[in-house]
Amino acid sequence: MKNTICLLLLLALAVGCRQDPQPVTQTEGTTENLVMADPTGQGMSDERLDRIDSMLHRAIAGDQIPGAVALVARNGKIVLHKAYGLANVRDSLPFRPDGIFRIASQTKAITATAVMMLWEEGRFRLDDPIADYIPEFADTGVLDTFREADSSFTTTPLETPITIRHLLTHTSGIGYGMIDGDPRFRKAYAKAGIVDAFTARPVTLAENIPKLARMPLHHEPGEGWTYSEGLDVLGYFVELVSGKPFDAFLKERIFDPLGMADTWFYLPEDRAERLVPVQYWDPDDGDWRPFTTAVFDIDYPKQGARTYFAGGAGLSSTAIDYAAFLQMYLNGGEYNGQRLLSRTTIETMMANQIGDLWSGGPKDYGLAFAIVNPDGVAQGGEGGIGTFDWGGYFNTQYFADPGEQLIGILMKQTQGAGKDETGWKFRQMVFAAIDD
């Protein structure tokens, strides 16, 4: 049943169970580049940005989401940054603009950035076999037979070795454990005790990744696109090449230079209370409830052993921190006087790396980014050619359009929100708010 507060709001305001948008406040880690600015001065329509407010209010009223944090930036200036709804419906706690979210697969773009920073130093070539650095991958093979009775399997030897490029582009054939589309891989990974993404257990990359190398592949490297744990492998690769723990490398080389003080694998104690709970829609109660699962500890960012740095899914962050990261890309690799990548490197990362494996679709795939192509422009609502994007398992999304110098970030924290349409609506409406 809806609680009394929600019913009163619904009757009085006709906007459902929500809180009014909270004003953005600058927090530690916000750099001088990304500051609030008048939307009209950045070629954005106030009236059309207000439509996004209305859309999110309606979505909350219709129980599509319990709430969200939205951020829009243009030309390096923030034109919208607001919090909506309840981060914890059970306790009537509102979202706040500096809420920290489990960004899951949005981690992949950051890991790819770390890899390419080392590539710029001449440490390796993209088509080097990963077995040159992690020898266990020399014996990896493609799945041949699988025995349901005990989840044992046999493999056939590879004709093509897995390369760093394959890992960046999800063309290695590696699977994805608990979210794999093939139940045989889910069973094989579970039997082997592979950590797929998040854990509070005392596991390290040095323990998990060699075990992953013993798992079968879906296909020969380069012959298909299979969403994978390739970026987790590359987190370990960064450790080996740099000689530093992966979390320390990211902090020193990416987060500190960009002022991303709220982005961590495991949150410091003074930030833990800002971690947004994951909620799910409970049809029995007709309301949002805290999400739990037996598969992993949902509070992994703030408790447990704090030893596993999952390059494919382990980070937590804020909307403003992630905006700084994306703005660095829109600036050609530089932000706030700090250069992380060369413009030419970014051009390589944003080039189609998978040929026609997504043939006929609205997007190509680069080095850990989906990239809008001419078909996507014609489809509408996706952005201009070269707009890059991805999202996360706990319902977070981002996109950035280099041509329009436009960033959109929508942070939610839900599971099982099957009727949520805010992602595509937000993106479509952000581009429709351009007014220059």
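For the structure, check the block above.
The text that follows walks through the structure, step by step, so that each part is easy to find. Remember, predicted model here, so these are calculated numbers, not experimental data.

What about the pairing of strand β7 (residues 279-282)?
For step 1, the next point in the chain: Relative to strand β8 (residues 287-290), β7 is paired through four bridges, and the arrangement is antiparallel. Bridging across to β8, Y280 finds its partner in R289.
For step 2, the next point in the chain: Counting the residues in the hairpin turn of β7 and β8 gives four residues, including G286, whose phi is positive at 65°.
For step 3, the next point in the chain: With two bridges joining them, β7 and strand β17 (residues 414-415) adopt parallel strand pairing.

A few points about the environment of G386
For step 1, the next point in the chain: Here G386 lies in the loop between α11 (374-379) and β14 (388-392).
For step 2, the next point in the chain: Taking C-alpha positions, G386 is 8.7 Å from A400, a pair spaced 14 residues apart along the chain.

With respect to the packing of aromatic side chains
For step 1, the next point in the chain: In this structure the tally under the stated criterion is 31 aromatic pairs.
For step 2, the next point in the chain: Relative to F394, the ring of F296 has its centre 6.2 Å away and its plane inclined at 75°; by these criteria the two rings are edge-to-face. Of this pair, F296 sits in the loop between β8 and β9 (316-317) while F394 is found in the loop between β14 and β15 (396-401), placing the two residues 98 residues apart along the sequence. Accessibility assignment for this pair places F296 and F394 in one class, buried.
For step 3, the next point in the chain: Through a chain of ring-to-ring contacts, three or more aromatic side chains come together here, namely Y176, W225, Y227, W358, Y365 and W390.
For step 4, the next point in the chain: The cationic tip of K419 hangs over the ring face of W281; the distance from NZ or CZ to the ring centre is 5.7 Å.

Digging into helix α9 (residues 319-330)
For step 1, the next point in the chain: For α9, built from twelve residues, the straight-helix expectation of 16 Å at 1.5 Å per residue is met to within 8% by its first-to-last C-alpha distance of 16 Å.
For step 2, the next point in the chain: Most of α9 is tucked away, with twelve of its twelve residues classed as buried.
For step 3, the next point in the chain: Within α9 the residues assigned to the buried category are A319, I320, D321, Y322, A323, A324, F325, L326, Q327, M328, Y329 and L330.
For step 4, the next point in the chain: Of the residues trailing α9, G332 is marked for its positive phi of about 80°.

Observations concerning the nonpolar core
For step 1, the next point in the chain: Ranked by internal contacts, the top residues of the largest apolar core, which has 94 residues, are L168, L250, I254, F325, Y329 and I409.
For step 2, the next point in the chain: The element contributing the most residues to this core is α9, with ten residues.
For step 3, the next point in the chain: The next biggest cluster of nonpolar side chains, apart from the first, holds 22 residues, and it includes L56, A59, V79 and A433.

Side note on the sheet that holds β15
For step 1, the next point in the chain: One open sheet holds the eight strands; their spatial order is β3-β2-β1-β16-β15-β14-β13-β12, and the pairing between them is antiparallel. The sheet is open, and its two borders are formed by β3 (93-94) and β12 (363-365), each paired with just one other strand.
For step 2, the next point in the chain: Alignment of strand β2 (residues 77-88) against β3, held across two bridges, turns out to be antiparallel. Residue pairing in the sheet places L86 in a bridge with P94 of β3.

Remarks on the environment of P268
For step 1, the next point in the chain: By secondary structure assignment, the location of P268 is in the loop between α8 (246-258) and β7.
For step 2, the next point in the chain: Taking the relative accessible area as the measure of exposure, P268 reaches 22% and is therefore partly exposed.
For step 3, the next point in the chain: Taking the C-alpha atoms as reference points, P268 and K302, 34 residues apart in sequence, are found 7.5 Å from one another.

Observations regarding the pattern of salt bridges
For step 1, the next point in the chain: A complete count under the given rule lists 28 salt bridges for this structure.
For step 2, the next point in the chain: In this structure, D98 engages R96 in a salt bridge whose closest nitrogen and oxygen atoms are separated by 2.6 Å.
For step 3, the next point in the chain: Look at R96 and you get partly exposed, because its relative accessible area is 35%.
For step 4, the next point in the chain: Residue E252 pairs with K244 through a salt bridge whose shortest N-O separation is 2.7 Å.
For step 5, the next point in the chain: Overall, K244 belongs to the partly exposed group, its relative accessible area being 29%.

Description of the packing of helix α3 (residues 107-120) against helix α7 (residues 230-242)
For step 1, the next point in the chain: Packing of α3 against α7 brings their axes to within 10 Å, and their N-to-C directions diverge by 35°. Crossing hand, α3 versus α7: left-handed. Only L231, L234, G235, V238, V241 and S242 of α7 make contact with α3, whose side of the interface consists of K108, T111, A112, A114, V115 and L118.
For step 2, the next point in the chain: When the residues that make up the contact of α3 with α7 are grouped by side-chain class, the tally is eight nonpolar, three polar and one charged.

Overview of the sheet that holds β17
For step 1, the next point in the chain: Spatially, three strands are ordered β8-β7-β17 in an open sheet, and the strand pairing comes out mixed. The sheet terminates laterally at β8 and β17, the two strands that pair on one side only.

Focus on the side chain of T169
For step 1, the next point in the chain: If you trace the backbone, T169 turns up in helix α4 (residues 164-169).
For step 2, the next point in the chain: Not counting the four nearest positions on each side in its chain, T169 is found in contact with W225, Q353, I354, Y365, G366 and L367.

Overview of the pairing of β2
For step 1, the next point in the chain: Counting buried residues in β2 gives ten out of twelve residues, a clear majority hidden from the surface.
For step 2, the next point in the chain: Pairing between strand β1 (residues 67-74) and β2: eight bridges, direction antiparallel. Paired with V69 across the strands is A83, a residue of β2.
For step 3, the next point in the chain: Counted between consecutive antiparallel strands, the loop separating β2 from β3 contains four residues, among which S92 sits at a positive phi close to 55°.

Quick word on the environment of W288
For step 1, the next point in the chain: Within the element layout of this structure, W288 appears in strand β8.
For step 2, the next point in the chain: A C-alpha to C-alpha distance of 39 Å links W288 and Y335, two positions 47 residues apart in sequence.
For step 3, the next point in the chain: Contact partners of W288, with chain neighbours within four places excluded, come to D63, Q64, I65, P66, V89, Q279, Y280, W281, T414 and A417.

Some words on the side chain of Q279
For step 1, the next point in the chain: Of note, Q279 is situated in strand β7.
For step 2, the next point in the chain: Side-chain polar atoms of Q279 contact the backbone oxygen of L86, separated by 3.2 Å.
For step 3, the next point in the chain: Every residue in contact with Q279, bar those within four places of it in the chain, is listed here: P66, L86, A87, N88, V89, W288, R289, F291, Q413, T414 and Q415.

Comments concerning helix α5 (residues 183-192)
For step 1, the next point in the chain: Regarding α5, the residues found buried are F185, A188 and Y189. Viewed end-on, α5 has its buried residues packed into an arc of 95°, placing them on one side of the element. More than 90 degrees from the buried face of α5, the exposed residues found are A190 and K191.
For step 2, the next point in the chain: At its buried positions, α5 is contacted by β5 (141-147), β6 (152-157) and α6 (205-212).
For step 3, the next point in the chain: Downstream of α5 by one or two residues, G193 has phi in the positive range, about 75°.

Rules used in this analysis
Residues numbered from 1 in each chain as written. Predicted model: local features only at pLDDT ≥ 70, side-chain atom pairs only at ≥ 80, totals over all residues. Heavy atoms only, no water. Pairing = 2+ DSSP bridges. Helix = DSSP H or I, 4+ residues; strand = E, 2+ residues; numbered from the N terminus. Phe/Tyr/Trp six-rings, centres within 6.5 Å; stacked < 30°, edge-to-face > 60°. Buried < 20%, exposed > 50% of the residue type's maximum accessible area, 1.4 Å probe, protein only. Lys NZ or Arg CZ within 6 Å of the ring centre and 35° of its normal. Expected span 1.5 Å × (residues − 1). Core = buried A, V, L, I, M, F, W, Y, C linked by side-chain atoms within 4.5 Å. Salt bridge = Lys/Arg side-chain N within 4 Å of Asp/Glu carboxyl O. Axes fitted to C-alpha atoms, helices over the stretch in contact; angles between N-to-C directions. Left-handed = near helix turned anticlockwise from the far one by under 90°. Contact = heavy atoms within 4.5 Å. Nonpolar A, V, L, I, M, F, W, Y, C, P; charged D, E, K, R; others polar. Polar contact = N/O pair within 3.5 Å; in protein donor to acceptor, adjacent residues only side chain to side chain. Arc of directions from axis to C-beta.

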